[in-house]
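# Results of the structural survey
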2 protein chains.
Amino acid sequence: MKFYYNPLSQPSRALYIFLKMNNIPAEFITVGLQTGEHLSDEFKEINRFQKVPCIVDDDGWKLAESVAIFRYLMTQYPQISTNWYPSDPRTRASIDEYLEWQHNNTRLGCAIYFQIMKKIGPFANQPDESFLHIFKFLMESTLETFENVWLKEKKFLATDDEISFADILAACEIEQPRMTGYDVFEGRPKLKEWYERVKDATKGYYDEAHAIVNRIIAKSQKAKL
Amino acid sequence: MKFYYNPLSQPSRALYIFLKMNNIPAEFITVGLQTGEHLSDEFKEINRFQKVPCIVDDDGWKLAESVAIFRYLMTQYPQISTNWYPSDPRTRASIDEYLEWQHNNTRLGCAIYFQIMKKIGPFANQPDESFLHIFKFLMESTLETFENVWLKEKKFLATDDEISFADILAACEIEQPRMTGYDVFEGRPKLKEWYERVKDATKGYYDEAHAIVNRIIAKSQKAKL
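Along every chain, residues carry numbers that run from 1 in the direction the sequence is written. Going through the entries in the order they are written, you letter the chains from A and number the ligands from 1. It should be noted that, the model being predicted, local features are given only for residues of pLDDT at least 70 and side-chain atom pairs only at 80 or more, the latter also being counted only at that level, while totals for whole chains, interfaces and linings use all residues. For the side-chain quantities, the full set of heavy atoms in the structure was used; hydrogens and water were omitted.

### A look at the domain arrangement of chain A
Residue and element names in this part refer to chain A. Here chain A is described as being made up of domain 1 (2-80) and domain 2 (86-224). A separation of 20 Å is found between the C-alpha centroids of domain 1 and domain 2. By the convention used here, residues are in contact when the closest approach between their heavy atoms is within 4.5 Å. On the domain 2 side, the residues contacting the 16 residues of domain 1 number 25 residues. Buried area counts how much accessible surface, traced with a 1.4 Å probe, disappears from two parts once they are put together, with both parts' losses summed. Roughly 1900 Å² is buried in total at the junction of domain 1 and domain 2, and carbon and sulfur atoms are behind 70% of that figure. Looking at the side of domain 1 facing domain 2, the largest losses of area belong to Q10, R13 and I17, adding up to 31% of the total buried there. Any carboxyl oxygen of Asp or Glu that lies within 4 Å of a side-chain nitrogen of Lys or Arg is treated as forming a salt bridge with it. Across the pair D96 and R71 runs a salt bridge, and its minimum N-O distance is 3.0 Å. Polar contacts, as counted here, are pairs of nitrogen or oxygen atoms within 3.5 Å of one another; within protein the pair requires one atom able to donate a hydrogen and one able to accept it, and residues that are adjacent in sequence qualify only if both atoms are side-chain atoms. The interface formed by domain 1 and domain 2 holds eight residue pairs in polar contact (both at pLDDT 80 or more) in total. Residue assignment for the side of domain 1 that touches domain 2 shows that the elements contributing at least two residues are α1 (10-21) and α3 (66-76). In DSSP terms, a helix is any run of H or I states spanning at least four residues, a strand is any run of E spanning at least two, and both are numbered starting from the N terminus. In terms of residue count, the dominant contributor to the side of domain 1 that touches domain 2 is α1 (ten residues). What counts as a domain boundary in this text is fixed by an automatic or database domain assignment.

What follows is the structure, encoded as structure tokens:
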């Protein structure tokens, strides 16, 4: 299987960690987002939506969308530890609830805030401050919902004792605003504790996937001093 | 099971059709979005995210997010016809691919365009035309992707011969811009054919779920004349 990704893409990092944690054999192929490699005709043959992450299975079968890829891998690799997506229907439904909710909350809020601040994506040339305000509001509402709803009584987002795929995906998303110098943990102790718990549970793979991200975060923190 | 919904909410309508088509026993409870019923403390106890659709199972267990609800129902009701989510992992993955893709494409484009045009939601008081342009662009890109990618060689979005849940969800989404007088089918013959195919496959339930929507569309078309 070929896994196409970029370390600046948050769902790419989530799948990177998931593949490594579960010893799923894959050829890891970096796609240059900054150089526009994903927009080339060649890459369009790999993913018709021209985004990362995506996979091409051994026989050439293709799949895009991180959550769809995660679900597909669950059906293909029996060695995957059950904690990532337990078979109990209600536990699975609670994980699904987060995986669907995140698109227009965590993902939209954190990723668009990051894009506006870094002047990339569809809002790059938007001088109007109101865009930033709306997406900052959405991002902060999302972070408050993490603190006061998702993590109110639980150690992990959708499960009690063990990490699930929802946690990796979420943690990777909240790294995006951190790269702009925004402190997602300020005034949110539960979020911080959960984040450390996720990192602990993913061994060294979390940091391995975030090598470039961590350098950008360190730089943005230095710039603030 | 209690099913909370509103006929103006596109995923509510999709689940309404799915429940009816598969004879899933449920108490259908309308939640007044225009009156702000979803924002009440009482409804917060039913869905902590204060949105529709959501379900409360017989023993009080709660679940939000239409796609998560759909998946959960698939595990609970053996009478559900297999075409909605066939068990073959790759067919299922292709459906999943659409179900994840739609959030920040169909859903974001069509729903936000509708909200801006109708002056509801977070963009209600936004006088800046650039918001409208961005979301109109996203909506039209999505509709082009339906025409030229999803429906390029297929009768349905993710499956070849029979309708899946992806099709109902998608059809319900593209009704949102239709309510503003926008003709989603103009210059998109495959989209129109697919739409008729979806309606045919959902018997009278599609029209039943869209009674109010159809009245709004008829009114907006009359206003254009």
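Moving on from the coordinates now.
### Notes on the interface of chain A and chain B
The accessible area lost on association of the parts is a frequent measure of interface size. Between chain A and chain B, the residue contacts involve 37 residues of the former and 37 residues of the latter. Carbon and sulfur atoms make up 58% of the area that chain A and chain B hide from each other, which totals about 3300 Å². For the chain A face of the interface with chain B, the top three residues by lost area are R90, E97 and E100 of chain A, together amounting to 21%. Across the chain A-chain B interface, the total number found is eight salt bridges. The partner of R71 of chain B in a salt bridge is E100 of chain A, and the shortest N-O contact between them spans 3.9 Å. Where chain A touches chain B, the interface holds 14 residue pairs in polar contact (both at pLDDT 80 or more).

### Quick notes on the relation of the copies chain A and chain B
To superpose the copies, least squares is applied to the C-alpha atoms of every residue with a pLDDT of at least 70 in both. If you rotate chain A by 180° and push it 0.0 Å along the axis, it lands on chain B with an RMSD of 0.0 Å. Such a combination of turn and shift is consistent with a two-fold rotation axis. For chain A, the residue whose C-alpha comes nearest the rotation axis is H103 of chain A, separated from it by 3.1 Å. Mapped onto chain B, 100% of the interface residues of chain A are again interface residues, and the two copies thus contact each other with one and the same surface.

### Focus: helix α1 (residues 10-21) of chain B
Residues and elements named next belong to chain B. Expected helix span is taken as 1.5 Å per residue step, with the number of steps being one fewer than the number of residues. Between the first and last C-alpha of α1 there are 17 Å, a value that for twelve residues agrees with the 16 Å anticipated at 1.5 Å per step. The element α1 is largely enclosed, with a buried count of eleven among its twelve residues. Categorising residues by exposure relies on relative accessible area from a 1.4 Å probe, with only protein chains included: less than 20% of the type maximum marks a residue as buried, more than 50% marks it as exposed, and the intermediate range marks it as partly exposed. Buried within α1 we find Q10, P11, S12, R13, A14, L15, Y16, I17, F18, L19 and M21. Of the residues flanking the end of α1, it is N23, one or two places downstream, whose phi is positive at about 50°.

### Observations regarding the environment of M117 of chain A
Residues and elements named next belong to chain A. Note on placement: M117 falls in helix α5 (residues 106-118). For M117, a relative accessible area of 38% corresponds to the partly exposed category. Between the alpha carbons of M117 and V213 there is a distance of 15 Å; along the sequence they are 96 residues apart. Apart from the residues lying within four places of it in its own chain, the contact partners of M117 are L132 and T180.

### A word on the packing of α1 of chain A against α3 of chain A
Residue and element names in this part refer to chain A. Interhelical geometry of α1 versus α3 gives an angle of 15° and a closest axis separation of 10 Å. Classified by the interaxial angle, the pair formed by α1 and α3 is roughly parallel. Note on packing geometry: the crossing formed by α1 with α3 is right-handed. Here α1 contributes P11, L15, F18 and L19 to the contact with α3, which in turn contributes S66, I69, F70, L73 and M74. As a rule, the C-alpha atoms of each element are fitted with a line to give its axis, helices using only the stretch in contact, and angles between N-to-C directions run from 0 to 180 degrees. Angle categories: roughly parallel below 35 degrees, roughly antiparallel above 145, roughly perpendicular from 65 to 115, and oblique for all the rest. By convention the crossing between two helices is left-handed if the near helix lies anticlockwise of the far one by an angle smaller than a right angle, and right-handed if it lies clockwise.

### Some remarks on the layout of surface pockets
Residues are called lining when one of their atoms sits within 4 Å of a cavity or pocket point, these points coming from a 1 Å grid over the protein atoms alone, where a cavity is a set in which a 1.4 Å probe fits but cannot get out and a pocket is an open set with protein on both sides within 12 Å along at least five of seven lines. Grid points are joined across faces, edges and corners, and a volume is the space filled by probe spheres set on the points. Considering only enclosed or pocket space, the second largest pocket measures out at about 670 Å³ in volume. Residue assignment for the lining of the second largest pocket shows that the elements contributing at least two residues are α4 (89-101) and α6 (129-150) of chain A together with α2 (41-44), β3 (54-56) and β4 (62-64) of chain B. Its residues assigned to classes, the lining of the second largest pocket shows nine nonpolar, four polar and ten charged. Gly falls in the polar group here, along with every residue not listed as nonpolar (Ala, Val, Leu, Ile, Met, Phe, Trp, Tyr, Cys, Pro) or charged (Asp, Glu, Lys, Arg).

### Looking at the packing of α4 of chain A against α6 of chain A
Residues and elements named next belong to chain A. Contact geometry of α4 with α6 gives a least axis separation of 14 Å together with a crossing angle of 165°. As the angle between them shows, α4 and α6 are arranged roughly antiparallel. The handedness of the crossing between α4 and α6 is right-handed. Residues E97, Y98 and W101 of α4 form the contact with α6, whose own contacting residues are T142, T145, F146 and W150. For the contact of α4 with α6, a count of residues per class yields four nonpolar, two polar and one charged.

### Section: the sheet that holds strand β1 (residues 2-5) of chain A
All names here are of chain A. Strands pair, by our definition, only if DSSP identifies at least two bridges between them. Pairing is mixed across the open sheet formed by four strands, whose spatial order is β2-β1-β3-β4. On the outer flanks of this sheet lie β2 (27-30) and β4 (62-64), each paired with one strand and no other. For this sheet, the mean inter-axis angle between neighbouring strands, taken without regard to orientation, is 20°. Relative to β2, β1 is paired through four bridges, and the arrangement is parallel.

### Let's talk about the nonpolar core
Counting residues in each nonpolar core, the largest one holds 149 residues, and the members touching the most others are F18 and W194 of chain A together with F18 and W194 of chain B. Beyond its immediate stretch of four places on either side in the chain, F18 of chain B contacts I24, F70, L73, M74, I80, W84, F165 and I168 of chain B. The nonpolar core is taken to be a set of buried Ala, Val, Leu, Ile, Met, Phe, Trp, Tyr and Cys residues, with the residues joined through side-chain atoms within 4.5 Å. F114, M179, V213 and I217 of chain A belong to the second-largest nonpolar core, a separate cluster that totals five residues.

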